[in-house]
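Each chain is listed here by its residues.
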Amino acid sequence: MDRVISVDEVSTAVTTDRDGAVVTFAGVVRDHDEGKGVAALDYERHPSAGEVIAEVARTIAADHPEVRIAVLHRVGALGIGDVALAAAVSSPHRAEAFAACAALVDLVKERTPIWKRQEFTDGTDEWVAAL
């Protein structure tokens, strides 16, 4: 998704009147990594990334049948403070929503073929695989 994303967007997609909990996660571009200053990031994805994220969401939904899930991962150029990963999970109960959201974020990061190029403030850069 090569556009601005937000937790409000994914939260709105999952919230219903039957839910007692909506847990959100925003993976935000920070200004440092392992002691080096970060100036910007650029995310690239494999063409299968969207389907992989959808399959991850289906897996978490199967493991947590009372939840609803929405998740987006941004690609392209991002600056400090931009949201790279937005996730929301709603459920009648908070414990289930927290557990499912944590599992969702971990599995998206583990399985989705997305790579980031970090540009450092010292002029160097590096590629980091999400897999």
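You'll find the protein entered in an unreviewed UniProt entry as Molybdenum cofactor biosynthesis protein MoaE, with Curtobacterium caseinilyticum given as the organism.

Chemist: So what exactly am I meant to see when it comes to unusual backbone geometry here?
Modeler: Leave glycine aside and you will find that most residues have negative phi; peptide bonds, for their part, are mostly trans. With a phi close to 50°, Glu 34 is a non-glycine residue in the positive phi region. Looking at where Glu 34 falls in the secondary structure, it is placed in the loop between strand E2 (32-33) and strand E3 (36-45). In this structure Glu 34 comes out as exposed when scored by relative accessible area, which is 77%.

Chemist: I would appreciate a short explanation of the packing of aromatic side chains in the present structure.
Modeler: When we look at a pair of aromatic rings, we describe it by the centre distance and by the angle of the planes. This model, assessed by the stated rule, comprises zero aromatic pairs. If you follow Lys 36 out to its NZ or CZ, it ends over the ring of Phe 120, 4.2 Å from the centre.

Chemist: Sorry if this is basic, but what is going on with the pattern of salt bridges here?
Modeler: In a structure, side chains of opposite charge can pair up when their charged atoms sit close to one another. Counting across every chain of the model gives nine salt bridges. With its nearest N and O atoms 2.5 Å apart, the salt bridge here joins Glu 9 to Arg 3. The exposure class assigned to Arg 3 is partly exposed, which follows from its relative accessible area of 35%. In this structure, Arg 68 and Asp 19 form a salt bridge, with 2.4 Å as the shortest nitrogen-oxygen distance. Pair noted here: Arg 68 is in strand E4 (residues 68-73) and Asp 19 is in the loop between helix H1 (7-14) and strand E1 (21-28), with a separation of 49 residues, a long-range link. Each of the salt bridges in this network shares a partner with another, and the network as a whole consists of Glu 51, Glu 55 and Arg 58.

Chemist: Sorry, what's going on with helix H2 (residues 49-63) here?
Modeler: Two residues of an α-helix separated by three or four positions point the same way, owing to the 3.6 residues in each turn. In this model H2 runs 21 Å from its N-terminal to its C-terminal C-alpha over 15 residues, within 8% of the 21 Å that 1.5 Å per residue would give. For H2, every residue scored as buried is listed here: Ala 49, Ile 53, Val 56, Ala 57 and Ile 60. In a view along the axis of H2, the buried residues occupy a sector of 100°, so they form one face of it. Residues of H2 that are buried sit in contact with E3, E4, helix H3 (94-111) and strand E7 (114-120).

Chemist: Any chance you could explain the environment of Leu 72 here in plain terms?
Modeler: Structurally, the position occupied by Leu 72 is in strand E4. According to the relative accessible area criterion, Leu 72 is buried, its value standing at 17%. Spatially, the C-alpha atom of Leu 72 lies 7.3 Å from that of Ile 5, the residues being 67 residues apart in sequence. When neighbours within four sequence positions are excluded, Leu 72 is seen to be in contact with Met 1, Arg 3, Ile 5, Glu 9, Val 10, Ala 84, Leu 85 and Ala 86.

Chemist: Can you walk me through the sheet that holds E1 in this structure?
Modeler: Hydrogen bonding along the main chain pairs the strands of a sheet, whether they run parallel or antiparallel. Judged by pairing direction, the sheet is antiparallel, and its three strands sit side by side in the order E1-E6-E4 without closing on themselves. Each end of this open sheet is capped by a strand with a single partner; those strands are E1 and E4. With direction set aside, neighbouring strand axes in the sheet form an average angle of 5°. Packed onto the sheet, H3 meets E1, E4 and strand E6 (83-91) and runs at close to 150° relative to E6.

Reading guide: rules and limits
Residues numbered from 1 in each chain as written. Predicted model: local features only at pLDDT ≥ 70, side-chain atom pairs only at ≥ 80, totals over all residues. Heavy atoms only, no water. Helix = DSSP H or I, 4+ residues; strand = E, 2+ residues; numbered from the N terminus. Buried < 20%, exposed > 50% of the residue type's maximum accessible area, 1.4 Å probe, protein only. Phe/Tyr/Trp six-rings, centres within 6.5 Å; stacked < 30°, edge-to-face > 60°. Lys NZ or Arg CZ within 6 Å of the ring centre and 35° of its normal. Salt bridge = Lys/Arg side-chain N within 4 Å of Asp/Glu carboxyl O. Expected span 1.5 Å × (residues − 1). Arc of directions from axis to C-beta. Contact = heavy atoms within 4.5 Å. Pairing = 2+ DSSP bridges. Axes fitted to C-alpha atoms, helices over the stretch in contact; angles between N-to-C directions.

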